[in-house]
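# Close look at the chain arrangement
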Amino acid sequence: MNSFEFLHWDSDFFGYRVAKVTINEKDPDNYKRTLSILHNEHIRLTYILLSPEASDLNDVIIESGGQLVDKKVTFCKSSTSHSGFRNEILEYSGNGEKKELYELALQAGLFSRFRIDNNFKNGEYERLYKKWLDNSLNGNVASKVIIARTKEHITGLITLGVKGTIADIGLLAVDRTYTGMGIGSELVYYADNEAYAGGYNKIKVVTQLDNERACALYKRCGFDVESLINIYHLWL
């Protein structure tokens, strides 16, 4: 049976009714029944999650108006310890230019479905990623905010939280001016160190398959692909 979930936080944040549907049944008739539920519940936006292997049903979703906005890939590795850092990587202590952090947070979302989907008209992507940073800084969604500092500038950002018993990377970005200096890799290694020191055996991160640079970075840092899922936006 397909899973339907009304998303209270998203609905409050965006100002219209938002739901998530996870497709478990490959029968198109079940999807049609799900569409009926969405209409009855007056859902404006639905996130539809479906395995890319279900090619026929992926086509059905597109035919119904669904827009493929993300090929979400989850990377995972066993946590380990690293040393020999060349850049200044440290936990953010509240000192420094917050504007630089906001700029990095927005850069982290360049491949986000909330930026790619042109149906968002009210700056949702910018508001969402700034809110994500705020909730990371106040500890609601992250336990640590880690930065790279080059001279007086904050040149990189990574956030680390916990989901269940697994350490979880959230935001990751490096200032474009400072790419090629190994900052991205060392941010990931620092987060890996924190996971290892905290007793977490696994560390995960979710990104977009189309974000080739991020995917290549995680593979270089020892992560393997754990899962891949298509995410559609359906506007009603």
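Residues numbered from 1 in each chain as written. Predicted model: local features only at pLDDT ≥ 70, side-chain atom pairs only at ≥ 80, totals over all residues. Heavy atoms only, no water.

As a further point, take the layout of surface pockets. In this structure, the second largest pocket spans a volume of roughly 150 Å³. Lining the second largest pocket are 13 residues, and of these E100, E103, L104, Q107 and D175 sit closest to its centre. Of all the secondary structure elements, the ones that give two or more residues to the lining of the second largest pocket are helix 4 (98–108) and strand 7 (153–163). Among the elements that take part in the lining of the second largest pocket, helix 4 stands out by supplying 5 residues, more than any other. Tallied by class, residues from the lining of the second largest pocket come to 6 nonpolar, 3 polar and 4 charged. (1 Å grid on protein atoms, 1.4 Å probe; cavity = no way out; pocket = protein on both sides within 12 Å on 5 of 7 lines; lining within 4 Å. Points joined across faces, edges and corners; volume = space filled by probe spheres on them. Helix = DSSP H or I, 4+ residues; strand = E, 2+ residues; numbered from the N terminus. Nonpolar A, V, L, I, M, F, W, Y, C, P; charged D, E, K, R; others polar.)

This brings us to the packing of helix 7 (residues 183–197) against helix 8 (residues 212–220). Describing two packed helices takes the angle between their axes plus the distance from one axis to the other. Closest axis-to-axis distance for the helix 7/helix 8 pair is 10 Å, and the angle between their directions is 55 degrees. In terms of axis orientation, helix 7 runs oblique to helix 8. Crossing of helix 7 against helix 8: the hand is right-handed. Here helix 7 contributes G184, S185, V188 and Y189 to the contact with helix 8, which in turn contributes L217, Y218 and R220. Here the contact of helix 7 with helix 8 is composed, by residue class, of 4 nonpolar, 2 polar and 1 charged. (Axes fitted to C-alpha atoms, helices over the stretch in contact; angles between N-to-C directions. Parallel < 35°, antiparallel > 145°, perpendicular 65-115°, else oblique. Left-handed = near helix turned anticlockwise from the far one by under 90°. Contact = heavy atoms within 4.5 Å.)

The next point concerns the pattern of salt bridges. Under the definition given, this model contains 9 salt bridges. In this structure, E41 and R17 form a salt bridge, with 3.6 Å as the shortest nitrogen-oxygen distance. Of this pair, E41 sits in the loop between helix 2 (28–40) and strand 3 (45–50) while R17 sits in the loop between helix 1 (8–14) and strand 2 (18–22), and the two are 24 residues apart along the sequence. You can call R17 partly exposed: its relative accessible area is 33%. Between D192 and K77 there is a salt bridge, with the nearest N and O atoms lying 2.7 Å from each other. Of this pair, D192 sits in helix 7 while K77 is found in strand 4 (residues 67–78), placing the two residues 115 residues apart along the sequence. For the pair formed by D192 and K77, the shared burial category is buried. By sharing partners, the salt bridges in this structure join E91, K144 and E194 into a single network. (Salt bridge = Lys/Arg side-chain N within 4 Å of Asp/Glu carboxyl O. Buried < 20%, exposed > 50% of the residue type's maximum accessible area, 1.4 Å probe, protein only.)

The next thing to look at is empty space enclosed by the protein. A full pass over the atoms with the stated rule returns 1 cavity of 30 Å³ or more. Each pocket or cavity is described by its volume, and for the largest cavity that value is around 30 Å³. Around the largest cavity, the lining residues are V69, D70, K71, F111, I116, Q208 and D210. Examining the composition of the lining of the largest cavity, we find that 3 residues originate from one element, strand 4, more than from any other. Residues of the lining of the largest cavity, tallied by class, amount to 3 nonpolar, 1 polar and 3 charged.

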